[in-house]
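# Structural overview
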Amino acid sequence: MDIKRLSDITTEIGFQLLTSGAEIHRVEDTICRIAGAYGARADVFAIPASLVVTIGDREGHTFTQTRRVYHSDSNLARVDALNALARHICGQCPEEEEILAELGKVRNLSCYSLRQQLAAAALGAGAFALLFGGGIPEAAAALVVGIAVRFVATVMERTDGGSTLSNILGGAACVLGAGLCSLVWRGLDRDTVIISVLMLLVPGLLMTNSMRDLIAGDLVTGVMKSAEALLVATCVAIGVMCSLAVWRWLTMGVM
Amino acid sequence: MEVFYAALASLGFGVFFNLRGRKLFAAAAGGGIGWLFYTLAGAQGPMMQNFIASLSITAYAEIMARTQRAPVPVYLTPALIPLVPGGPIYQAMLHALNGETDLFLSTGLLAMSVTGAIALGVVAASSAMRLIFLRHLARPSR
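Next up on the list: the overall build of chain A. Helix and strand counts for chain A stand at 10 helices and three strands. Walking chain A from its N terminus toward its C terminus, one meets helices and strands in the order α-α-β-β-β-α-α-α-α-α-α-α-α. Dimensions along the principal axes, computed over C-alpha positions, put chain A at roughly 80 × 30 × 30 Å. Residue burial in chain A is summarised as follows: out of 255 residues, 47% are buried. Put simply, 62% of the contacts in chain A that link residues at least 6 apart link residues at least 24 apart. With 20 positive and 24 negative side-chain charges, chain A shows a spacing of 6 Å between the two charge centroids.

The structure is reproduced here in structure tokens:
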């Protein structure tokens, strides 16, 4: 395979990995291995926002590509499929057409429907309510509010509302939903409901991953991710606090 | 019973991460295993508790990844979710809203250090596994 084709393919695989939420180390390592399998040398620099790949062959030709990454999600099934594809490429060194066909398949990997995602949100929030010592009423409330919060997030995603507003509204939906539930069912432990639904929004995973990157030596990535985690946490906190304040003010006479 | 709830929570998040079939349930089982160790280490205080839980989850995820030939995050990511310190983070927000700055700082710091403990557990376990498996792999070839 000539060097330009190899550059195209490795960059595309790296880009797909990066936008599917694979670790930086995996992105860089995969590209280097694929290039190595075809007898070329790769220098890769990846951060969550950008990917730079330089491929060099034995004759001294080099080819560089950069890709800007604007947003990524966590699609572990796609990471898994790409990883399997990369293993296959390194083992068999297949032709370009075959790789492109496989890449197309990976790109069209099916996602869960909205209804399934809402059900998953309900399941997650309900399970957290039970885990945090809530009873059946708390779990039921968390189920309903979890669906509401996930719905808000999906609507914001589809209308391209930006993650800042999405997180603020998510936090607000969480508190107001829990508040409404506690009006319907007196004696409901509202804080448990809020905490369980908040688990859907809290960027705990982002924080953990950023610390992992920092400890592993990917400093730029670690700092970027921790800044993002801080931003998300602040947005959720703003949403929660404002709506808590409003809720207290509204129910001053009632409760 | 709590172990089962933790597994259910991981299952829900596994769907967000678009996992399917056997991998989804294997990841959910990881959440259960993590919570099992979390409750077993209950007497050790929150740092040690989270550290041990994330050690166990990572060990499980690395073993699963190597036997199933799948990337580690497939099993690791959903399983870590139940450990996330959502409670302290919310408490910290409440304290901030009530103007209790010292309480806000101490709970916020607790949340931060718990997160650090989880990350350290992941790093420690995955480096240890790498050492073990490198030796294991190196032996037959030499």
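A few words now on the packing of helix 5 (residues 114-131) of chain A against helix 1 (residues 2-16) of chain B. Packing of helix 5 of chain A against helix 1 of chain B leaves a shortest axis separation of 8 Å and a crossing angle of 155°. In terms of orientation, helix 5 of chain A lies roughly antiparallel with respect to helix 1 of chain B. The chirality of how helix 5 of chain A crosses helix 1 of chain B is left-handed. Note on element contacts: helix 1 of chain B touches helix 5 of chain A through Glu2, Tyr5, Ala6, Leu8, Ala9, Leu11, Gly12, Phe13, Val15 and Phe16 of chain B, opposite Gln116, Gln117, Ala120, Ala121, Leu123, Gly124, Ala127, Phe128, Leu130 and Leu131 of chain A. The residue inventory of the contact of helix 5 of chain A with helix 1 of chain B, partitioned by class, reads 15 nonpolar, four polar and one charged.

Taken together, the contacts link 44 residues of chain A with 48 residues of chain B. For the chain A and chain B pair, buried surface summed over both sides reaches about 4,300 Å², with 75% attributable to carbon and sulfur atoms. The tally of links from chain A across to chain B stands at one salt bridge. Of the charged contacts in the structure, one is a salt bridge between Lys23 of chain B and Asp80 of chain A, with a shortest N-O distance of 2.5 Å. The interface formed by chain A and chain B includes four residue pairs in polar contact (both at pLDDT 80 or more). Those elements that provide at least two residues to the side of chain A that touches chain B are helix 3 (76-92), helix 5, helix 8 (190-198), helix 9 (204-216) and helix 10 (219-250) of chain A. Residue contributions to the side of chain A that touches chain B peak at 10 residues, all from helix 5 of chain A. Residue composition of the side of chain A that touches chain B, grouped by class: 27 nonpolar, nine polar and eight charged.

The next subject is the packing of aromatic side chains. Applying the stated criterion to the full structure yields five aromatic pairs over all chains. Here the aromatic cluster, defined as three or more aromatic residues joined through ring pairs, consists of Phe128 and Phe132 of chain A together with Phe13 and Phe17 of chain B. Of note, Arg67 of chain A hangs over the ring of Phe15 of chain A, and the distance from its end group to the ring centre comes to 4.9 Å.

Looking now at the packing of helix 1 (residues 3-19) of chain A against helix 4 (residues 96-107) of chain A. Angle between the axes and distance between the axes are the two parameters that describe a pair of packed helices. All names here are of chain A. Axis separation between helix 1 and helix 4 bottoms out at 11 Å; the angle between their running directions is 15°. As far as their axial angle goes, helix 4 and helix 1 are roughly parallel. Here helix 1 runs over helix 4; the crossing is left-handed. Of helix 4, the residues touching helix 1 (which contributes Arg5, Ile9, Glu12, Ile13 and Gln16) are Glu96, Ile99, Leu100, Leu103 and Arg107. Classifying every residue of the contact of helix 1 with helix 4 by side-chain character gives five nonpolar, one polar and four charged.

Here we come to helix 2 (residues 21-40) of chain B. The first and last C-alpha atoms of helix 2 of chain B sit 29 Å apart over 20 residues, in line with the 28 Å expected at 1.5 Å per residue. Contact partners of the buried residues in helix 2 of chain B: helix 5 of chain A together with helix 1, helix 3 (45-68) and helix 4 (72-80) of chain B.

Cut-off values and rules
As a convention, each chain's residues are numbered from 1 in the sequence order in which they are written. By the order in which they are written, chains take letters starting at A while ligands take numbers starting at 1. Only residues with pLDDT of 70 or above have their local features reported here, since the model is predicted, and side-chain atom pairs are shown and tallied only from 80 upward, although totals for entire chains, interfaces and linings are computed over all residues. Side-chain calculation: all heavy atoms of the structure are included, whereas hydrogens and water are not. Helix and strand labels come from DSSP, where a helix needs a run of H or I of at least four residues and a strand needs a run of E of at least two; each type is numbered from the N terminus. For every residue, the accessible area obtained with a 1.4 Å probe (protein chains only) is divided by the maximum for its type, and the residue is called buried under 20%, exposed over 50%, and partly exposed between those limits. Residue contacts are counted whenever heavy atoms from the two residues lie within 4.5 Å of one another. For the charge count, each Lys or Arg is scored as positive and each Asp or Glu as negative, with His and the chain ends excluded. Charge positions are represented by NZ for Lys, CZ for Arg, CG for Asp and CD for Glu. Whenever a helix is involved, its axis is fitted only over the stretch in contact; in every case the axis is a line through C-alpha atoms, and angles between N-to-C directions fall within 0 to 180 degrees. Reported orientations rely on four angle classes, namely roughly parallel under 35 degrees, roughly antiparallel over 145, roughly perpendicular from 65 to 115, and oblique for the rest. Should the near helix be turned counterclockwise from the far one by less than a right angle, the crossing is left-handed, whereas a clockwise turn marks it as right-handed. Residue polarity follows a fixed list, in which Ala, Val, Leu, Ile, Met, Phe, Trp, Tyr, Cys and Pro are nonpolar, Asp, Glu, Lys and Arg are charged, and the others, Gly among them, are polar. Accessible area, probed at 1.4 Å, shrinks when two parts are joined; the buried area is that loss added up over both. We count a salt bridge whenever a side-chain nitrogen from Lys or Arg sits within 4 Å of a carboxyl oxygen from Asp or Glu. N or O atoms closer than or at 3.5 Å make up a polar contact, with two conditions inside protein: a donor-capable atom paired with an acceptor-capable one, and, for residues adjacent in sequence, both atoms drawn from side chains. Stacked, tilted and edge-to-face pairs are distinguished by plane angle, under 30 degrees for stacked and over 60 for edge-to-face with tilted covering the rest, among Phe, Tyr and Trp rings (Trp via its six-membered ring) whose centres lie within 6.5 Å. A ring is scored as having a charge over it whenever the NZ atom of a lysine or the CZ atom of an arginine sits within 6 Å of its centre and within 35 degrees of its normal. Expected span, for any helix, means 1.5 Å times one less than how many residues it has.

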